[in-house]
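An overview of the molecular structure
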Amino acid sequence: MDRRNPNGVSQAGYNNFAVVQDVTYQTSSIGADSGAGGVRINMIPREGGNTFKGDFYVAGSGTRFQSNNITPELKARGLPTPDSLQYLVEATPSLGGPILRDRLWFFASGRYFENETHQAGARYRDGTPANSVNYLHMASGRLTFQPTPRNKITAYLDKSFKGQKESTTFTLGAANPGGVEWETATTTYKPLNYQVGYLKWSSPISSRLLIEAGGAFNQFDLEYNQYLPGVLKPRGTPEWFASAIRRDLVLGTLRGAPAISEQVAYQPHYSFSTSASYVTGSHTFKTGLQVRHMTIRNESTGGNADLIQQYRNGAPDSVQVGALPFVAAFRSNEYSVYAMDSWTMGRLTFNPGLRFDRFTGGPDASSMPAGRFVPARSAQASSPVPAFNNFSPRLSA
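The structure contained in this document is the topic of the report that follows. (Residues numbered from 1 in each chain as written. Predicted model: local features only at pLDDT ≥ 70, side-chain atom pairs only at ≥ 80, totals over all residues. Heavy atoms only, no water.)

**Remarks on the pattern of salt bridges**
Applying the stated criterion across every chain, the model contains 15 salt bridges. For E47, the salt bridge is made with K152, and the minimal N-O distance between the two is 3.0 Å. Here E47 is found in the loop between strand 2 (40-45) and strand 3 (53-62), whereas its partner K152 is found in strand 7 (residues 151-167), with 105 residues between them in sequence. Residue class for E47 comes out partly exposed when judged on its relative accessible area of 27%. (Salt bridge = Lys/Arg side-chain N within 4 Å of Asp/Glu carboxyl O. Helix = DSSP H or I, 4+ residues; strand = E, 2+ residues; numbered from the N terminus. Buried < 20%, exposed > 50% of the residue type's maximum accessible area, 1.4 Å probe, protein only.)

**Quick notes on a nonpolar patch on the surface**
Taken together, the side chains of W343, M345, L348, F350 and L395 make up a nonpolar region of the molecular surface, amounting to roughly 520 Å² of accessible area. Only strand 19 (326-345) and strand 20 (348-363) provide two or more residues apiece to the nonpolar patch. Looking at the secondary structure, you find L348 in strand 20. (Patch = residues over 30% accessible without salt bridge, like charges linked within 9 Å, V, L, I, M, F, W, Y side chains within 5 Å. Areas by Shrake-Rupley, 256 points an atom, 1.4 Å probe, with all protein chains shown as cover.)

**Digging into the sheet that holds strand 12 (residues 245-248)**
Strand order in the open sheet formed by four strands is 13-12-17-18, with mixed pairing between adjacent strands. The strands lining the two open edges of the sheet, one partner per strand, are strand 13 (253-255) and strand 18 (315-321). Strand-to-strand, the axes of this sheet are offset by a mean angle of 20°, without reference to chain direction. Taken together, the four bridges between strand 12 and strand 17 (residues 307-312) define a ladder with parallel strand orientation. In the sheet register, I245 faces strand 17, and the bridge partner there is I308. (Pairing = 2+ DSSP bridges. Axes fitted to C-alpha atoms, helices over the stretch in contact; angles between N-to-C directions.)

**A closer look at the environment of S300**
Within the fold, S300 resides in strand 16 (residues 283-302). Along the backbone, S300 and D248 are 52 residues apart, and their C-alpha atoms lie at a distance of 24 Å. Among all residues touching S300, those that are not within four sequence positions of it are S261, E262, Q263, L324, P325 and F326. (Contact = heavy atoms within 4.5 Å.)

**What about the layout of surface pockets?**
Reported here for the second largest pocket is a volume of approximately 160 Å³. Lining the second largest pocket we find G179, V180, E181, R246, R247, D248, T253, L254, R255 and Y311. Breaking the lining of the second largest pocket down by element, the ones donating at least two residues are strand 12 and strand 13. In the lining of the second largest pocket, the residues fall into three nonpolar, two polar and five charged. (1 Å grid on protein atoms, 1.4 Å probe; cavity = no way out; pocket = protein on both sides within 12 Å on 5 of 7 lines; lining within 4 Å. Points joined across faces, edges and corners; volume = space filled by probe spheres on them. Nonpolar A, V, L, I, M, F, W, Y, C, P; charged D, E, K, R; others polar.)

**Structural notes on the pairing of strand 9 (residues 194-204)**
Among the eleven residues in strand 9, eight count as buried, and that is most of the element. With nine bridges joining them, strand 7 and strand 9 adopt antiparallel strand pairing. Paired with D158 across the bridge in strand 9 is V196. When strand 9 meets strand 10 (residues 209-220), the two strands line up antiparallel, connected through eleven bridges. Paired with L199 across the two strands is G215, which belongs to strand 10. Adjacent in sequence and paired antiparallel, strand 9 and strand 10 are bridged by four residues.

**Looking at the nonpolar core**
Judged by nonpolar contacts, A122, A130, V180, W182, A185, Y227, L228, V231, I245, L254, A257 and I308 together constitute the single largest core of twelve residues. In this view, A122 contacts T81, T128, P129, A130, P177, G178 and W182; residues no more than four positions away in its chain are not counted. The next biggest cluster of nonpolar side chains, apart from the first, holds eight residues, and it includes M43, F107, Y156 and Y198. (Core = buried A, V, L, I, M, F, W, Y, C linked by side-chain atoms within 4.5 Å.)

**As for the side chain of E90**
With respect to the element layout, E90 can be found in strand 4 (residues 84-100). Polar side-chain contacts of E90 include one of 3.4 Å to the side chain of T92. (Polar contact = N/O pair within 3.5 Å; in protein donor to acceptor, adjacent residues only side chain to side chain.)

**Quick notes on the environment of P191**
Take P191: it is sitting in the loop between strand 8 (187-189) and strand 9. Classification of P191 as partly exposed rests on a relative accessible area of 28%. Taking the C-alpha atoms as reference, P191 lies 23 Å from L85; in sequence the two are 106 residues apart. With sequence-adjacent residues up to four places away left out, P191 is seen in contact with Y135, F161 and K162.

**Focus on the packing of aromatic side chains**
A complete count under the given rule lists six aromatic pairs for this structure. Between the aromatic rings of F52 and F106, the centroid separation amounts to 6.3 Å while the plane-to-plane angle is 55°, which identifies the pairing as tilted. Of this pair, F52 sits in the loop between strand 2 and strand 3 while F106 is found in strand 5 (residues 104-118), placing the two residues 54 residues apart along the sequence. Measuring from ring centre to ring centre gives 4.8 Å for F356 and F391, while their planes differ by 45°; the resulting arrangement is tilted. (Phe/Tyr/Trp six-rings, centres within 6.5 Å; stacked < 30°, edge-to-face > 60°.)

Encoded structure:
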């Protein structure tokens, strides 16, 4: 989407498709302006215009649209309830129009999305069915400014609010929700900083030459395996030592907490690119520069007793201990230059290209206090591997 590229380690992007007018998928003949292979998705955003236009999308569903295949035999074998959707609701309004006629336009949209699901066999201690709530709410806005016929500036921001309530996603009990003690071993997390945005300038210097430049960011901060209120005890207290996770490897049960530690990840990602395109009727030449910088910092502060007690059919078996607290911090930088060409001769289109990539990265400095099973530790910033340089020719027809 313009200058935005969400690729990266542990990066993600949630899209509000109400702000997109067209989506194209390219599965082959990827040009040299892309550093990654595979499927390439190009989303053309809506810009607004000199008239006010909008739309509104609403959808929903519930349990009445589902059947139930649980038989008395399955109930007798310990599966009282199937996977089911309790409710789903989505509402997405959007509106675009002028701020200054023929100069400045806006397009804005919001999205409310929430669903409640039941996972097979999940229940509270009193036997009532237990459910999980997932939600993703979004606020999206785009401004388009055209001060002159040959200069155009666009700015875009998409903010996401994603969270879960009493979920087993990413927890130790994800494989068998029916064996999870719902009051202690599920997780609830609230939205952190999820947002993507870009600023882009484009100028058709002539009828054949187009210049573009822009920058983008993708902030994807995430907390997961957060304990339910009251589950995490004060470190070092008798309750903290006595509240370790209890996991039965045979019965598939889990109680005490969703994971050995709560975790938080901070993942800012920034990119800049510029390009020049020369286009004629049968020939297209494009060259450009791309720069990307990304950091990742994962923090695990520890949980009750910093260990997991493991059992087999109720009998003590083993203990897993955690090297907690723990911090992992990394950085990466990518620099790319490319040139690509396209010739059309009758029914044949010939697409040569060449790309140069330079990658540098490594761990950032970090320090960790002493835990129950490990002393205080620290790590210095380093680059343990040499810079990676690569030329990659591209050719398709």
